[in-house]
Structures are given as C-alpha cells and as structure tokens.
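# Structural overview
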There are 2 protein chains.
Amino acid sequence: MSKSESLDKGDWGSTDIQSQDSQNNPELENIIQQISQLRDSIDNVDMAVLALLAERFKYTTRVGLLKARAGFAPADYHREDYQIQRLQRLSKDVGLDPEIAEMYREFVVAEAKKRHKRIKESGEDPGVLDIFS
Amino acid sequence: MSKSESLDKGDWGSTDIQSQDSQNNPELENIIQQISQLRDSIDNVDMAVLALLAERFKYTTRVGLLKARAGFAPADYHREDYQIQRLQRLSKDVGLDPEIAEMYREFVVAEAKKRHKRIKESGEDPGVLDIFS
C-alpha cells in the first residue's frame, strides 16, 4: 500500500488508528485488526509486569526492613554485581537486548530511590529503603 | 539487635550479606536466611519480567511494521492517553504507586527509542519503530 493511498498524517505526526475509516479498503481493515489484536497482547503484558513489580517492591521493602534490623548497610555491591551478570545472561536466553535488561535493573533501582524521596518528603521515617536487595 | 552487635559497615557503606559470619548469632543467621529467600523471589520476578519484556518488544516491532505498511505515523496519542489512564487504574488494583506505573511506561518507550537509535547507527534501515503502540 503506497503512502498516498493511506491516511498518513506525516512521518512525525500522529495517527489515531482507532478512528481510521477502513471501509472499502480490506487491506487497511486487516492491518487495523492486526494492530488491535497486538495492542491487546501488549496490554496483557503490561498488566502482568505491573503485578510483578508490585510483588517485587513488597520483597525489596521486606529486605530493607531486615537489613535495618541487622544493622546492614542498604548497599550490597556483591549482590549488585550478581544481579547485573545474571540479567545479562538471562536477556540472551529470552532474546532480549542486554542493554534493555540493564535499563530494567536501573529502572527498579530508580523506583526505590524515588519512593525513598517521597517517604522522606511526607515526613515519615524513610527507614532503610533497599535499592540493591 | 543493636547496631553495635551487628556487622554494619556504615549507613552509606556496603554490606556483603553473603559473606557475613553469623555463627553463634541465631538472630543474625535467621535474618540472613530470610534475606536470601527474598532475593530468590526477587530473582524469579526479574526473570519473569525479562521474558515479558522480550515478548512486548516482539509485539511492538510487529505493530511498527504494520503501521509502516499502512503509512500510519509512529505516534498515536489517542493510544498513548489510553495506556496512561489504564496503567494508572491497574496500578491501584495491584497496590503499586501510580508513579511507578508511569515510570514503567516511560521506560518501555525509552527502550524503543534506544533500539531505534542503535538500528540507525548500525547503518540498517530503522523502518518505523513503534514507540507508542
């Protein structure tokens, strides 16, 4: 399908696919249906990831409390090295760019730091928030 | 357990928990065991998330290719708004900070942009890389 046949609004514009009129254009209709199905799968993946992240933060909070009880420092660079190496290895197993795995690790660490800041700002005792676990 | 009884190396230092000697200190030994079990669960969560991210990027790549075929713009702000609202709602359902849900969304978008840049640098046709989907 050439660009002139489509409803393209420009390479740097935006196309609201949901509102596309594909009547009398079976190929376009087919593409829109495929995109819609893929988006449903993407939405399911996102739901699963959110649920897993919620569990992850419960675990890291518990680790943080245990470390505080034992008087351990929040950081554990041995553990951090282990996690970096493991995520690199696993990313190859699942066919994911290793840089994405490292960005994921940095994302969850950044999350914990952000939560730490918010707890502090709310005036509550931030305790030991575990960013390495 | 007071700080002086522990093997704390300072609030801003690092404690290598794996190498802690907890002999003759049952409470410390118990804490180290609990942390070890929680870390196993955190590692399992990370493995599941990586696998889901690998699937997600397969889906978004397919959406990008379909959009290119139809001549649709990469961006779809209607879809983006829908995703933002949905993730906010779901984060409340699973007990996750809504800010974390939004950071996750920004993370996966940043990922796609990063991949786009790398494909471009490698000299291959980046095509339409879908960062919204």
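To start, this report covers the structure provided alongside it.

With that settled, the discussion passes to the interface of chain B and chain A. A common way to state how big an interface is: give the accessible area lost once the parts meet. Tallying the contact residues gives 74 residues for chain B and 74 residues for chain A. Carbon and sulfur atoms supply 67% of the area buried between chain B and chain A, which totals about 7200 Å² over both sides. It is Leu38(B), Leu50(B) and Phe72(B) in chain B that bury the most area against chain A; as a group they hold 10% of the surface buried on that side. In this structure, Arg79(B) and Asp43(A) form a salt bridge, with 3.1 Å as the shortest nitrogen-oxygen distance. At the surface where chain B touches chain A, the tally comes to 22 residue pairs in polar contact (both at pLDDT 80 or more). Listed by contribution, the elements that provide at least two residues to the side of chain B that touches chain A are helix H1 (26-70), helix H2 (77-94) and helix H3 (98-121) of chain B. At 32 residues, the largest contribution of residues to the side of chain B that touches chain A is made by H1(B).

Next up on the list: the relation of the copies chain B and chain A. Aligned on chain A, chain B shows an RMSD of 0.0 Å; the corresponding rotation is 180° and the shift along the axis is 0.0 Å. What we have between these two chains is a two-fold relation. No C-alpha of chain B approaches the rotation axis more nearly than that of Val49(B), which lies at 3.0 Å. Most of the interface of chain B is mirrored in chain A, where 100% of its interface residues are also at the interface.

Scanning all chains against the criterion turns up 14 salt bridges over all chains. Where Glu27(B) meets Arg69(A), a salt bridge forms, and the shortest distance between an N and an O atom there is 3.6 Å. Taken as a pair, Glu27(B) in helix H1 and Arg69(A) in helix H1 (residues 26-70) lie in two separate chains rather than in one. Look at Glu27(B) and you get partly exposed, because its relative accessible area is 35%. Residue classification places Arg69(A) among the partly exposed residues on the basis of a relative accessible area of 41%. Notably, a salt bridge pairs Arg105(A) with Glu80(A), separated by 3.3 Å at the nearest N-O pair. Here Arg105(A), found in helix H3 (residues 98-121), pairs with Glu80(A), found in helix H2 (residues 77-94); they are 25 residues apart in sequence, far enough to count as distant.

With their axes 10 Å apart at the nearest point, H2(A) and H1(B) run at an angle of 35° to one another. Regarding H2(A) and H1(B), the two cross each other, and that crossing is right-handed. On H1(B), the residues that touch Arg79(A), Tyr82(A), Gln83(A), Arg86(A), Leu87(A), Leu90(A), Ser91(A) and Val94(A) of H2(A) are Arg39(B), Ile42(B), Asp43(B), Asn44(B), Asp46(B), Met47(B), Leu50(B), Ala51(B) and Ala54(B).

With 45 residues, H1(B) extends 66 Å from end C-alpha to end C-alpha; this agrees with the ideal 66 Å at 1.5 Å per step. Looking one or two places after H1(B), you find Gly71(B), whose phi comes out positive at around 80°.

Let's shift gears to the side chain of Arg79(A). Here Arg79(A) lies in helix H2. A polar atom in the side chain of Arg79(A) sits 3.1 Å from the side chain of Asp43(B).

Moving on to the nonpolar core. Among soluble globular proteins, nonpolar side chains are generally buried collectively. Counting residues in each nonpolar core, the largest one holds 53 residues, and the members touching the most others are Leu53(A), Tyr104(A), Leu53(B) and Tyr104(B). Put simply, the parts of the chain that give this core at least two residues each are H1, H2 and H3 of chain A together with H1, H2 and H3 of chain B. When residues in this core are grouped by element, the largest group, 17 residues, is from H1(A). Beyond its immediate stretch of four places on either side in the chain, Leu53(B) contacts Leu96(A), Tyr104(A), Tyr104(B), Phe107(B) and Val108(B).

Before going further, it helps to spend a moment on the packing of aromatic side chains. Tallied over the full model, the rule gives 1 aromatic pair over all chains. Centre to centre, the rings of Phe107(A) and Phe107(B) are 5.3 Å apart; their planes meet at 5°, and the pair counts as stacked. In this pair, Phe107(A) is assigned in helix H3 and Phe107(B) in helix H3, connecting two distinct chains. Each member of the pair, Phe107(A) as well as Phe107(B), is classed as buried.

About the cut-offs
- One numbering rule holds for all chains: residues counted from 1, following each sequence as written.
- Here the convention is simple: chains get letters from A, ligands get numbers from 1, in the order in which they are written.
- Local features in a predicted model are, by the rule used here, given only for residues with pLDDT of at least 70; side-chain atom pairs are given and counted only at 80 or more, and totals for whole chains, interfaces and linings are based on all residues.
- Each side-chain value is worked out from all heavy atoms of the structure, with water and hydrogens disregarded.
- By the convention used here, residues are in contact when the closest approach between their heavy atoms is within 4.5 Å.
- Buried area is a sum: the accessible area each of two parts loses on coming together, probed at 1.4 Å, counted once for each and added.
- Each salt bridge in this description consists of a side-chain nitrogen of Lys or Arg and a carboxyl oxygen of Asp or Glu lying within 4 Å of one another.
- Any pair of nitrogen or oxygen atoms within 3.5 Å is treated as a polar contact; in protein, a donor-acceptor pairing is required on top of that, and neighbouring residues in sequence qualify only through side-chain atoms on both sides.
- The helix count covers DSSP runs of H or I at least four residues long, the strand count covers runs of E at least two residues long, and both are numbered beginning at the N terminus.
- When the copies are superposed, the least-squares fit takes in the C-alpha atoms of residues with a pLDDT of at least 70 in both.
- Partly exposed residues are those whose accessible area sits between 20% and 50% of the maximum for their type, while under 20% is buried and over 50% is exposed, using a 1.4 Å probe and protein chains only.
- Under this scheme, a helix contributes an axis fitted over its contacting stretch, all axes are lines through C-alpha atoms, and angles between N-to-C directions fall in the 0 to 180 degree range.
- The sense of a crossing depends on the near helix, which, turned anticlockwise from the far helix by less than a right angle, makes the crossing left-handed and, turned clockwise, makes it right-handed.
- Here, expected helix span is obtained from the residue count minus one, scaled by 1.5 Å.
- Nine residue types can take part in a nonpolar core, namely buried Ala, Val, Leu, Ile, Met, Phe, Trp, Tyr and Cys, and a core is a set of them joined through side-chain atoms within 4.5 Å.
- Here is the rule: rings of Phe, Tyr and Trp (six-membered ring for Trp) pair when centre to centre is within 6.5 Å. Planes less than 30 degrees apart are stacked, more than 60 are edge-to-face, and the remainder are tilted.

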